[in-house]
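Chain residues, written in single-letter form:
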Amino acid sequence: MTENPTSGTPLVVLVGPMGAGKTTVGRLLADRLGGTFRDTDEDIEQAAGKPISEIFVDEGEEHFRALEAAAVRAALAAHPGVLALGGGAILDPRTRALLAAHPVAFLDVGVHDGIRRVGLDAPRPLLAVNPRARWRELMEARRPLYLEVARAVVATDGRTPDEVADAVLEALELKTV
Ligand SMILES: Nc1ncnc2c1ncn2[C@@H]1O[C@H](COP(=O)(O)OP(=O)(O)O)[C@@H](O)[C@H]1O
Ligand SMILES: O=C(O)C1=C[C@@H](OP(=O)(O)O)[C@@H](O)[C@H](O)C1
Ligand SMILES: [Mg+2]
């Protein structure tokens, strides 16, 4: 295992917009690094006992963001493997401040690949209406925040998840098992 025995904090944290491949690439990276994978969206769903789309409908986005901030804080403090965040986690200034102490990779993607990928996947409540325009709008507002927290920026357009995982390892100079 290349887990981080001294601090018990993540070897790598993935941020970026919906469809960047954080969850998919995070799993691959955990395999390569010999650590475990954690995704704060999954932590939130498990704790709430329902999918994120239902949390948005039942309790609203603000409530989801509060759960998300707590889930990210807990995972950053204690998860020694690979951690993927949800696309909007970086909206919280306290989360961004915490991320400053961690090896964060921003998985970048353009609207074309981003939208194609989310179209193949589980529903994202923020993209339920006018997905293309919404995705662009969100990315425009959030790009500076992704850049603010990132130690490495990794382009994912036209790359397979395996190629993206390789690029993250290289950019952050991480050693595989
Ligand atoms: N580099 C890639 N190329 C093609 N498809 C991808 C790539 N990365 C992820 N996907 C697919 O896109 C969808 C969304 O990926 P996911 O990892 O959930 O993104 P995120 O967690 O960043 O929203 C999934 O169906 C996944 O299999
Ligand atoms: O960008 C966002 O605000 C969101 C991204 C989603 O995660 P992914 O980025 O893993 O799709 C999930 O947290 C929720 O639907 C909100
Ligand atoms: Mg995800």
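As shown above, the structure is provided for reference.
My aim in this report is to walk through the structure given alongside it, one point at a time. Just so you know, these numbers come straight off a predicted model, no measurement behind them.

## Some points on the environment of leucine 29
Inspection of the secondary structure assignment puts leucine 29 in helix α1 (residues 22-33). For the pair leucine 29 and alanine 122, spaced 93 residues apart in the sequence, the C-alpha separation amounts to 21 Å. When sequence neighbours within four positions are dropped, the list of residues in contact with leucine 29 reads Val12, Val82, Ala165 and Val168.

## Focus: the packing of helix α6 (residues 111-119) against helix α7 (residues 131-149)
The interhelical angle for the contact between α6 and α7, taken along N-to-C directions, is 125 degrees, at an axis separation of 10 Å. Judged by the inter-axis angle, α6 sits oblique to α7. In terms of crossing hand, the pair formed by α6 and α7 is right-handed. From α6, Val111, Gly114 and Ile115 reach across to α7, where they touch Pro131, Arg132, Trp135 and Arg136. When grouped by side-chain class, the residues that make up the contact of α6 with α7 number four nonpolar, one polar and two charged.

## As for unusual backbone geometry
Trans is the common state for peptide bonds, and a negative phi is the common state for residues other than glycine. Backbone geometry places asparagine 130, a non-glycine residue, at a positive phi of 50 degrees. Looking at the secondary structure, you find asparagine 130 in the loop between α6 and α7. For asparagine 130, a count of 10 C-beta atoms within 10 Å puts it in the exposed group. For glutamate 173, which is not glycine, the phi torsion reads 55 degrees and is therefore positive. Among the structural elements, glutamate 173 can be located in the segment after α8 (161-171). According to the C-beta neighbour criterion, glutamate 173 is exposed, with 8 such atoms within 10 Å.

## Notes on the environment of glutamate 42
Mapped onto the elements, glutamate 42 comes out in helix α2 (residues 40-48). Each C-alpha atom, one on glutamate 42 and one on threonine 23, is 9.8 Å from the other, the two residues being 19 residues apart in sequence.

## Here's the deal with the site of ligand 1
With respect to spatial proximity, 17 residues lie near ligand 1, and among them Gly21, Lys22, Thr23, Thr24 and Arg117 are the closest. Counting only elements with at least two residues in the shell around ligand 1, the list comes to α1, α6 and α8. Top contributing element to the shell around ligand 1 by residue count: α1, with three residues.

## Quick notes on the nonpolar core
Membership of the largest hydrophobic core comes to 38 residues, with the highest contact counts inside it found for Leu14, Val15, Leu29, Ala105 and Leu107. Residue assignment for this core shows that the elements contributing at least two residues are β1 (12-15), α1, α3 (52-59), α4 (61-78), β3 (82-84), β4 (104-108), α7 and α8. Of all the elements, α1 adds the most residues to this core, at five residues. Dropping the residues within four chain positions of it, alanine 105 is found in contact with Val12, Leu14, Ala150, Ala152, Val154, Val168, Ala171 and Leu172.

## Description of α8
Along α8, the residues classified as buried are Val164, Ala165 and Val168. Down the axis of α8, the smallest arc covering the buried residues is 100 degrees, so these residues share one side. Structural note: α8 exposes Asp162 and Glu170 on the side pointing more than 90 degrees away from its buried face. Residues of α8 that are buried make contact with β1, α1, β4 and β5 (152-155). Just downstream of α8, glutamate 173 is the residue with a positive phi angle, here 55 degrees.

Rules used throughout
- Residues numbered from 1 in each chain as written.
- Chains lettered and ligands numbered in written order.
- Predicted model: local features only at pLDDT ≥ 70, side-chain atom pairs only at ≥ 80, totals over all residues.
- Helix = DSSP H or I, 4+ residues; strand = E, 2+ residues; numbered from the N terminus.
- Contact = placed C-beta atoms within 7 Å.
- Axes fitted to C-alpha atoms, helices over the stretch in contact; angles between N-to-C directions.
- Parallel < 35°, antiparallel > 145°, perpendicular 65-115°, else oblique.
- Left-handed = near helix turned anticlockwise from the far one by under 90°.
- Nonpolar A, V, L, I, M, F, W, Y, C, P; charged D, E, K, R; others polar.
- Buried ≥ 20, exposed ≤ 12 C-beta atoms within 10 Å, placed from the backbone.
- Near = placed C-beta within 6 Å.
- Core = buried A, V, L, I, M, F, W, Y, C linked by C-beta atoms within 7 Å.
- Arc of directions from axis to C-beta.

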